[in-house]
Amino acid sequence: MALRSDIRFAVRLLMTQPGFTLVVVAALAIGIGANTAIFSVVNTVLLQPLPYPEPDRLVRIGRQFPAGIGYTASVPKFMAWRRARSFDGIAAYDFGGPGLNLSGGDRPEQVRGIHVSADYFRVFGASPAMGRTFADNEDVPGGPRVAVLAHGLWVRRFGADPTVLGRAIVLNGEPFTLTGVLSERFRPEPPAEVFVPLQGDPNSTNQAHFLWVAGRLQPNVTLATAQAELKVLGDQFRRSTPEWMDSRESVAAEPMRETLVQGVRPALLILLGAVALVLLIACANVANLLLARAAVRQKEIAVRAAVGAGRADIVRQLLTETVLLSLAGAAAGLVLGVWGARTLVALSPADLPRASELTRGSLLASVLDWRLLAFTLSVSVATGILFGLAPALHLASDDHGVALKEGGGHGATSVHVARLRGALVAAEIALALVLLVGATLLIRTFANLRAVQPGFDADNVLTMQTSLAGGKYSTTEQVSILVREVTQRIDALPGTQGSAAAVTLPTEFGPDLPFRIEGRTLPAGARFHGDEQWRYVSPAYFRALGIPLVRGRFFDERDVQRSSPVVIINAALAKKYWPDGNALGQQLTIGGGLGPEFNDATRQIVGIAGDVREAGLERPAPPVVYIPQAQIPDAMTRFGNGIVPATWIVKASGNPVTLTEAVQKVFLAVDGLPTSRVRTMRQVVAQSTARHNFNMLVLTIFGAIALLLAAIGIYGVMSYSVQQGRHEIGVRIALGAGRRDILSLVVGRGMRLAALGLVAGVLGALAATRVLSRLLYGVGPTDPLTFGIVAVALAAVAFLACYVPARRATCVDPLIALRSQ
């Protein structure tokens, strides 16, 4: 009954003060809404179970090394691991995906396709909406060409036709029989629209690590048990084929969810911590408002105490008011959080794990998820108690007799309360400084990445991909003819300055291959001298990307299969393996011993190219070997075309986007090839730093909100201080104090609070920013310049927030101020 009465009284009181109520609710809505937005993403990416049946039984299997786990596997290793009895099923699937050209209809298109073993659907719990998935006899070398469609492609391309099963569709020029359509609820990993059998050879000797491997644990089997069994299988594999697995390598199994999010977990947790600081600053502002309001409620509380209300009754009533305010702020914050979450999803990098679960429809479900609702409710109640406790205790402990005698309406403020309000403002400034230092460090990281010389010219370059999988381009000569015809036609288009083909683009994932240096003794127990990045390129590749020639020559049209095998290395590889600078004319044998797909001729180094940031702008340029596309062994061409798409580069004289339609028509005219992932090279580079940019943008927004709230806080305290100190100021002016003296007095008081907050903030930031180390580039977490810039900027804002009330103080009429007392 007492609580119900407190709630009714609190509602009536808050409704009679709409201005105060709206200000408090708005401040809390900003803090709680920002927390809700970030937590909705954290909830989906880090906390929610994977969208598969019994997701806790899903694990990813990889290769364990002293430095960490590599989650790629070869066909022979997959065949060894799949014998583990701890699993209900183990599946392999390629993660690059060559893309598949889907013919028929008005225009061919390239769809996202992956090769999967037959157990893939059982491991991930993918039940078909129609038909069936692959049978075991379809997942064998030379097995039938069959395919399964994702629900989205079935609806988009086939109009949800229920008679599609058993029909033949043309993928990369070859007929595939459709056996099934997956459920709409299934979220493939990685994202895919069509699935074809892996048809891995149990007797394969191909040691390329191009597969991901996932397993579903047997019921009641622990991960530790499965890990022990996999280790035994790994040891058996090493003993039988020591040339393919040395003593440093073992087998590892990790929960699937952990492996998906491990790259983004630190950043998301940092953002969650940062937004919590925003909420604390909002709470400090609201607490200051309540303390100011408390001064004019002293008589009311005194009357309640006089008629028998105890201290606990008063505290309960006041906390009821603040909790109601925080719940109202939470309701508004939840709405603001939904909007903020959608904005975050729109701004998030394309490679954010579980991004398919953050679409608009599923995002609403995420926002209404019990974890998020429980989080918002808990934050709102805790917030109400946090910012309401100090004012409640202050009012409940006041001398109510004095308040009744003095009328309680003058708003007299005790020294204790003034110090408490000052401490809250100092805390706001300290928290704002921590956020602003973090944001500035990320801004400087962004600036440093933008200033990095990538080793190539990204201006006016258009890129795209085509799928060459299938039998039509199974030989190097067939691909070479296509490359020549396509590049000749593109080069003839107005506005082009050259075009080329390559296996991948700079800053994006690329393969690596081991090699031997002819005439050099191998280290004891080693089979190769090195294992470095490998690229095939057509002759105009270096010119199209503006990669400089350091020594020797680039490839030209003479470098074909019938000519002498040649290779170009970059400066980093030359420095690493020939520190004396004598690399030209040396010979390399690349890839031998990894299986017949990689048997290559010995090649002579004919050129040294400039270094390129192949692995991203934040990483040094790795050593790279470049092979002429026209000299790749046929077996390597067939294998490569089956797992990755071909990449094309077009150098334009102006805006490359204007060439998009004309270039696409060239591919269609040459062989009906659809293109995909059409991007400018500037977009490719930007995508390589997208996570850095996202972290910087979000933390900068939080820092700006914190700065604004801190400025409002110190302005409010100083304005209230001037109002409460009108009598003192009037006396000083009457005794001869000048305008400058009053300005110095008021500004000095505010800046002392600011100085206290800055000192505390610097100490806090020195500790807090160390967690940003993994997100920074070219700047340290305790960079003195960053700390100095932020401290000066925050001090300037604090000065302005103090100066405005101080100017108003100089206008006090001493006669009116003295008479009002």
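Above: the structure in question.
What counts, and at which threshold
Residues numbered from 1 in each chain as written. Predicted model: local features only at pLDDT ≥ 70, side-chain atom pairs only at ≥ 80, totals over all residues. Heavy atoms only, no water. Helix = DSSP H or I, 4+ residues; strand = E, 2+ residues; numbered from the N terminus. Buried < 20%, exposed > 50% of the residue type's maximum accessible area, 1.4 Å probe, protein only. Contact = heavy atoms within 4.5 Å. Areas by Shrake-Rupley, 256 points an atom, 1.4 Å probe, with all protein chains shown as cover. Core = buried A, V, L, I, M, F, W, Y, C linked by side-chain atoms within 4.5 Å. Salt bridge = Lys/Arg side-chain N within 4 Å of Asp/Glu carboxyl O. Phe/Tyr/Trp six-rings, centres within 6.5 Å; stacked < 30°, edge-to-face > 60°. Expected span 1.5 Å × (residues − 1). Axes fitted to C-alpha atoms, helices over the stretch in contact; angles between N-to-C directions. Parallel < 35°, antiparallel > 145°, perpendicular 65-115°, else oblique. Left-handed = near helix turned anticlockwise from the far one by under 90°. Nonpolar A, V, L, I, M, F, W, Y, C, P; charged D, E, K, R; others polar. Polar contact = N/O pair within 3.5 Å; in protein donor to acceptor, adjacent residues only side chain to side chain. Patch = residues over 30% accessible without salt bridge, like charges linked within 9 Å, V, L, I, M, F, W, Y side chains within 5 Å. Pairing = 2+ DSSP bridges.

Along the backbone of the protein chain there are 25 helices and 24 strands. Residues counted as buried form 54% of the 821 residues belonging to the protein chain. A separation threshold of at least 6 residues defines the contact pool for the protein chain, and within that pool the share at least 24 residues apart is 82%. Counting every atom, the protein chain has about 35,000 Å² of accessible surface; 60% of that belongs to carbon and sulfur.

Looking now at the nonpolar core. Within the largest apolar cluster, 104 residues are counted, with the highest numbers of intra-cluster contacts made by Ile38, Tyr120, Phe121, Phe124, Phe195 and Phe702. Here this core gets 15 residues from one element, more than from any other, and that element is helix H8 (residues 265–295). Ignoring sequence-local partners within four residues, the contact set of Phe121 consists of Val116, Ala126, Thr133, Phe134, Val148, Leu182 and Phe195. Judged by nonpolar contacts, the second largest core, of 72 residues, contains Val483, Val567, Leu594 and Leu673.

Here we come to the pattern of salt bridges. Inspection of the entire model under this criterion finds 30 salt bridges. Between Asp161 and Arg167 there is a salt bridge, with the nearest N and O atoms lying 2.8 Å from each other. By relative accessible area, Arg167 is classed as partly exposed at 34%. For the salt bridge of Asp559 with Arg553, the shortest nitrogen-to-oxygen distance reads 3.1 Å. Residue classification places Asp559 among the buried residues on the basis of a relative accessible area of 6%. The network of salt bridges with common partners includes Glu109, Arg112, Arg156, Arg157 and Glu193.

Right, let's talk about the packing of aromatic side chains for a bit. Within this structure, the stated rule accounts for 22 aromatic pairs. Between Tyr541 and Tyr626 the ring centres are 6.2 Å apart and the planes differ by 45 degrees, which places this aromatic pair in the tilted class. Of this pair, Tyr541 sits in helix H16 (residues 541–545) while Tyr626 is found in strand S22 (residues 624–628), placing the two residues 85 residues apart along the sequence. Exposure class is identical for Tyr541 and Tyr626. Each is buried.

As a further point, take helix H6 (residues 223–240). Taking 1.5 Å per residue, 18 residues should reach 26 Å; H6 reaches 26 Å between its end C-alpha atoms and fits that length. Contact partners of the buried residues in H6: strand S1 (58–65), helix H3 (75–81), strand S3 (87–94), strand S12 (211–217) and strand S13 (250–255).

For any two helices packed against each other, the geometry comes down to the angle between their axes and how far apart the axes lie. It is at 10 Å that the axes of helix H15 (residues 476–491) and helix H19 (residues 660–671) come closest, and there the two elements cross at 140 degrees. Taken together, the axes of H15 and H19 are oblique relative to one another. Handedness of the H15/H19 crossing: right-handed. Residues Leu482, Glu485, Val486, Arg489 and Ile490 of H15 pack against Val663, Val666, Phe667, Ala669 and Val670 of H19. Along the lines of polarity and charge, the residues of the contact of H15 with H19 split into eight nonpolar, no polar and two charged.

Here we come to the side chain of Gln631. Relative to the assigned elements, Gln631 resides in the loop between S22 and helix H18 (634–643). Polar side-chain contacts of Gln631 include one of 3.1 Å to the backbone oxygen of Val560. A distance of 2.7 Å separates polar atoms of two side chains, one belonging to Gln631 and the other to Arg603. Among all residues touching Gln631, those that are not within four sequence positions of it are Thr476, Asp559, Val560, Gln561, Ser563, Ser564, Pro565, Val566 and Arg603.

Below, the discussion takes up unusual backbone geometry. Here Asn220, not a glycine, exhibits a phi torsion of approximately 70 degrees, which is positive. Secondary-structure assignment places Asn220 in the loop between S12 and H6. Assessed through its relative accessible area of 83%, Asn220 is described here as exposed. The backbone of Asn460 sits at a positive phi, close to 55 degrees, despite the residue not being glycine. Tracing the backbone shows Asn460 in the loop between helix H14 (415–451) and strand S14 (461–466). Taking relative accessible area as the criterion, Asn460 reaches 30% and is therefore assigned partly exposed.

Moving on, we get to a nonpolar patch on the surface. Nonpolar side chains collect at one region of the surface, where Leu327, Leu377, Val381 and Ile385 lie side by side and expose about 290 Å² of accessible area between them. Per element, the largest residue contribution to the nonpolar patch is three residues, and it comes from helix H12 (residues 370–397). In this structure, Leu327 sits in helix H10 (residues 311–347). Given the relative accessible area of 32%, Leu327 is considered partly exposed.

The subject of this paragraph is the pairing of strand S15 (residues 496–502). Counting buried positions along S15 yields six of seven residues, so the element is predominantly enclosed. In terms of strand pairing, S15 meets strand S23 (residues 646–652) through six bridges, oriented antiparallel. Among the inter-strand pairings, Ser499 is bridged to a residue of S23, identified as Val650.

Turning to the environment of Pro128, a few remarks are in order. Along the chain, Pro128 turns up in strand S7 (residues 128–131). Taking the relative accessible area as the measure of exposure, Pro128 reaches 33% and is therefore partly exposed. Setting aside its immediate chain neighbours within four residues, Pro128 contacts Thr133, Val181, Leu182 and Ser183.

Examined against the element boundaries, Met464 turns out to sit in strand S14. Overall, Met464 belongs to the buried group, its relative accessible area being 2%. Each C-alpha atom, one on Met464 and one on Thr675, is 6.4 Å from the other, the two residues being 211 residues apart in sequence. With near-sequence residues (within four places) excluded, Met464 lies in contact with Ala646, Thr647, Trp648, Val663, Phe667, Thr675, Ser676, Arg677 and Val678.

Just distances and angles here, no functional claims.
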